[in-house]
Amino acid sequence: MDHFAGLDVSVKQTSICIVDDTGRIVREVRVPSEPEALLKVLGNQAYRFKRIGLEAGPLSQWLFSALAEAGLPVVCVETRHMQAVLKAQINKTDRNDARGIAQMMRVGLYRPVHVKTLRSQKLRMLLTHRKLLQSKAIAIENDLRGTLRNFGLKVGMVGKVRFEARIQELVENFPDLAGLVEPLLIVRRALREQIVILHRRLLAIVRDDEVCRRLMTTPGVGPVVALTYRATVDMPARFRKSKSVGAVFGLTCSKYQSGEIDWSGRISRCGDEMMRVMLYEAAQSMLRSKKWSWLKAWAMQIARRRGMKKAIVALARRLAVILHRIWVDGTEFRWTRETAAA
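Below is a short write-up of the structure. Remember, predicted model here, so these are calculated numbers, not experimental data.

Bringing the pattern of salt bridges into the picture now. Tallied over the full model, the rule gives 17 salt bridges. Note that R189 is salt-bridged to E164, the shortest N-O span being 2.4 Å. Taken together, the residues span a long stretch of sequence, with R189 in helix 7 (residues 175-207) and E164 in helix 6 (residues 163-170) at a distance of 25 residues. A relative accessible area of 15% means that E164 is categorised as buried. Among the ionic pairs, D209 bridges to R230, the shortest N-O distance being 3.2 Å.

Structure (structure tokens):
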């Protein structure tokens, strides 16, 4: 007899529900959210597991890897799909959620998601930490600009290098303001120094990565975009078609059809937000560049017909497809149609 298990994972404890192939509950237990505690229950030889499901979340990658290494048929389920199924329950509890997940595994009503490798998780951590420090530094600069403007002190157009000197110049004749501004300048200086350290580490990784170097042959794609794409896609073989990459990143139109109603809306914006933003910025960079290619000419034709905003989104979607094809084929970007045909 086959068995199926559902795991409702929280930070401290995990609810486990085990059912057989008829849907009858065999065992329910609550254990700490640790791989050893889970394996003590799921590793019982009395159970012949066909599928073990857990929802994608902060601890799912860690627990998924531990269960997969133990040889268990674990499946990581897409969050929005699982929430839509479990919403039918009247009472929401961890115990009921584990039951619902176990039944989803039994009937096959689930949508699996890809769990990234350890290397991709580390690259992702580097990118998110770099982005976090950047956002905090920009927030401090904007706060200084806004608060000093209340006293008639206008920072004006100034770059990152001269920003601190400009602030000190403005508050030079205001000792009380200088004492309030100095702590923020110290924090901003430390943030900028750490951003440089992380960016240098990012450039070193890209320099030694053959896939990233090939992705960077595409116009508009720099080290940050290439490494973000590398960490997000992780394994290109998980996409059967390159065209499906754009949909996974939320760059395809959402659709609603019911009876006589049938319309296409804006992009779905599902999937990885950071990757979608990077592709959008790469598309903008390509259209601003003075270098021409068949891809830029294609985007400019869309801009003349539909407007620049839609052209940027279309170009970002096509960039996602082209980068995947470059990665799979082991080729580089071809600037002209003639070269591509050859």
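Further notes follow.
We now examine the packing of helix 5 (residues 118-149) against helix 7. At their nearest, the axes of helix 5 and helix 7 sit 9 Å apart, and the two run at 150° to each other. With respect to their mutual orientation, helix 5 and helix 7 come out roughly antiparallel. When you trace helix 5 past helix 7, the crossing you get is left-handed.

Here helix 11 (residues 273-288) is 16 residues long and its end C-alpha atoms lie 23 Å apart, about the 22 Å a rise of 1.5 Å per residue gives. For helix 11, the complete set of buried residues consists of M274, M275, R276, M278, L279, A282, A283, M286 and L287. As for helix 11, its buried residues are in contact with helix 5, helix 9 (223-233), strand 7 (261-267), helix 12 (294-306) and helix 13 (308-329). Two or three places before M274, at the opening of helix 11, D272 has a side-chain oxygen 3.1 Å from that residue's backbone nitrogen.

Right, let's get into the packing of aromatic side chains. Tallied over the entire structure, the rule returns six aromatic pairs. Residues W294 and F333 carry aromatic rings whose centres are separated by 6.3 Å and whose planes lie at 10° to one another, so their mutual orientation is stacked. Of the two residues, W294 is situated in helix 12 and F333 in the loop between helix 13 and helix 14 (337-341); the sequence distance between them amounts to 39 residues. Taken as a pair, W294 and F333 share a single burial class, namely buried. In textbook terms, an aromatic cluster arises when at least three aromatic residues are bridged by ring pairs, as seen for Y229, F249 and W327.

So, how was this worked out
- Residues numbered from 1 in each chain as written.
- Predicted model: local features only at pLDDT ≥ 70, side-chain atom pairs only at ≥ 80, totals over all residues.
- Heavy atoms only, no water.
- Salt bridge = Lys/Arg side-chain N within 4 Å of Asp/Glu carboxyl O.
- Helix = DSSP H or I, 4+ residues; strand = E, 2+ residues; numbered from the N terminus.
- Buried < 20%, exposed > 50% of the residue type's maximum accessible area, 1.4 Å probe, protein only.
- Axes fitted to C-alpha atoms, helices over the stretch in contact; angles between N-to-C directions.
- Parallel < 35°, antiparallel > 145°, perpendicular 65-115°, else oblique.
- Left-handed = near helix turned anticlockwise from the far one by under 90°.
- Expected span 1.5 Å × (residues − 1).
- Contact = heavy atoms within 4.5 Å.
- Polar contact = N/O pair within 3.5 Å; in protein donor to acceptor, adjacent residues only side chain to side chain.
- Phe/Tyr/Trp six-rings, centres within 6.5 Å; stacked < 30°, edge-to-face > 60°.

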